[in-house]
Amino acid sequence: MKRLVPLVTLMTAACATAPLPPAPGINRDLAAAPFASLPVAAIAPVPDDWWRLYEDPVLDQLVEASLAANADLRVAYANLDGARAAQRLSDAARLPQTTIESGLGIDNPANQPSASGNVPTTDYDLAATASWDADLFGRLRSAALAARADADAQAAAMDGVQVAVVADTVQAYVDLCGATGGIAMVSEQVRLLELALRITNSQLAAGEVSPLEVAQAANLVATTRAAIAPLEAAQANARYRLATLAGRPPADARTNPVTCAAPPRLRDAVRVGDGTALLLRRPDVREAERRLVAATARIGVARADLYPRVNLGGAIGLLSGGLVATASPLVSWSFPNQAPVRAKIAQAEATERAAFAAWDVAVLRALREVETALAAYDAEVRRNRVLIEASDQGQAYAHRAKARVRLGDAAPLLRIDADRTLAQAQLALAQSDLAVAQAQVALFRALGGGWRTDKQPLE
């Protein structure tokens, strides 16, 4: 015991001088300012299952299928399992490590010239060993904290994949509905313009119009019909995306196609919440915060190497027929040359500063993306209202032009120009309807909704 007194004194003194470094404070003022007050936004909590606000059963099924079988999510789940296994490994390293060993040997006297007998003998050895890292200076404790933070960061990264999968699924469905609605609208325009072209040809045969009016009407039909092919390509592309997001080959989209008529719309203003809730919800912000905690903990791992490492070990067993017990405390200490250890500490501190800056970047990026998406959504909604008015005026213009041409009060070219104006206005309105739905999805993606998780405060 007297021999252990100096060792215990040294360890106690070192414990008093090797505290774990505190994590740097997080500047919550970054999220103090509210979001822009716009008519399209409501200061209400963002729902977890935000896609259900559209009240579309087909969309609900598509999102559930993507969350159940998406390939990117399977990768994220596997990475999370690996991070949690590393956490369990770090926690287990703080516990005593035990090993049981045994051996069996046979001594043959015939192989020994001096042996007096010829009866073989056997030797059976059994031993149990135990070792424990006392972790007096927090090396293992800091490593376990870092591993736990890494696992939390990986969980946040998986949440980010879920947000992306949900948003991509809704985006593909919106694109599909927009393309389908656009095809129906343009096809109806082509049908009406072809009818007008046949009437114009009849008038040409009767000598009421010139070939100029016929050429103008035919040009309008061809120009309008040309808009169908890109819409069909967009429709097929959206179906292929929906299939792959659900973990199925794109060819399945041709055998079992998803159908819808028009882009889904929200009945009420978008719920955006506030900045503080955003930082608790956005996966990339939570991941950056966990990376910062892990980097801070690893400073403690590096700093613990400034002090002695104490490992208590012992063994007991039956060796050569007798009971043997040993105890051997092992002390290792990189002293007096501690330059490598201090270099590791400086490296860990630099990593922490970089992680802290990365957290600031994630916060600022999250706030900017929400404000940008909110402004784009508000602008598109206002543009959509103007285009609705333009479409109504285009219909009135076409109706009056047809009446005047029918009464002989205007040239037939006026009716063709009115049809062209109406077709352009309706196509622009259909494109704007799609853009409004896309802006909604972009806003929800920026808000970070799409999964359920415990809202824990930032550390």
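A brief look at the structure comes next. (Residues numbered from 1 in each chain as written. Predicted model: local features only at pLDDT ≥ 70, side-chain atom pairs only at ≥ 80, totals over all residues. Heavy atoms only, no water.)

This part is about the pairing of strand β5 (residues 309-319). Bridge count for β5 against strand β7 (residues 330-332) is three bridges, and the pairing is antiparallel. Across the sheet, residue V310 finds its bridge partner in β7, namely V331. The pairing of β5 with strand β6 (residues 322-327) spans six bridges and is classified as antiparallel. Within β6, the position partnered with I316 by the bridge is A325. (Pairing = 2+ DSSP bridges. Helix = DSSP H or I, 4+ residues; strand = E, 2+ residues; numbered from the N terminus.)

To locate leftover empty space, one rolls a probe as large as a water molecule over the atoms. Here the largest pocket is characterised by a volume of approximately 450 Å³. As for the largest pocket, its lining consists of 19 residues, and the residues nearest its centre are L192, A196, K402, R415 and D419. Those elements giving two or more residues to the lining of the largest pocket turn out to be α4 (139-205), α10 (339-407) and α11 (412-447). With nine residues, α4 is the largest single contributor of residues to the lining of the largest pocket. Here the lining of the largest pocket is built from residues that sort into ten nonpolar, four polar and five charged. (1 Å grid on protein atoms, 1.4 Å probe; cavity = no way out; pocket = protein on both sides within 12 Å on 5 of 7 lines; lining within 4 Å. Points joined across faces, edges and corners; volume = space filled by probe spheres on them. Nonpolar A, V, L, I, M, F, W, Y, C, P; charged D, E, K, R; others polar.)

Assignment of secondary structure puts R74 in helix α3 (residues 71-92). Sequence spacing of R74 and V161 is 87 residues, and the spatial spacing of their C-alpha atoms is 10.0 Å.

Let us look at α3. Between its terminal C-alpha atoms α3 stretches 32 Å, which fits the 32 Å expected from 22 residues at 1.5 Å a residue. Taken residue by residue, α3 has L73, A76, L80, A83, Q87 and S90 as its buried positions. Looking down the long axis of α3, one finds its buried residues gathered within 95 degrees of arc, a one-sided arrangement. Residues of α3 that are exposed and point more than 90 degrees away from the buried face comprise R74, R88 and L89. Among the structural elements, α2 (57-69) and α4 are those in contact with the buried residues of α3. In this structure N70 caps α3, since a side-chain oxygen of it lies 2.9 Å from the backbone nitrogen of D72. (Expected span 1.5 Å × (residues − 1). Buried < 20%, exposed > 50% of the residue type's maximum accessible area, 1.4 Å probe, protein only. Arc of directions from axis to C-beta. Contact = heavy atoms within 4.5 Å. Polar contact = N/O pair within 3.5 Å; in protein donor to acceptor, adjacent residues only side chain to side chain.)

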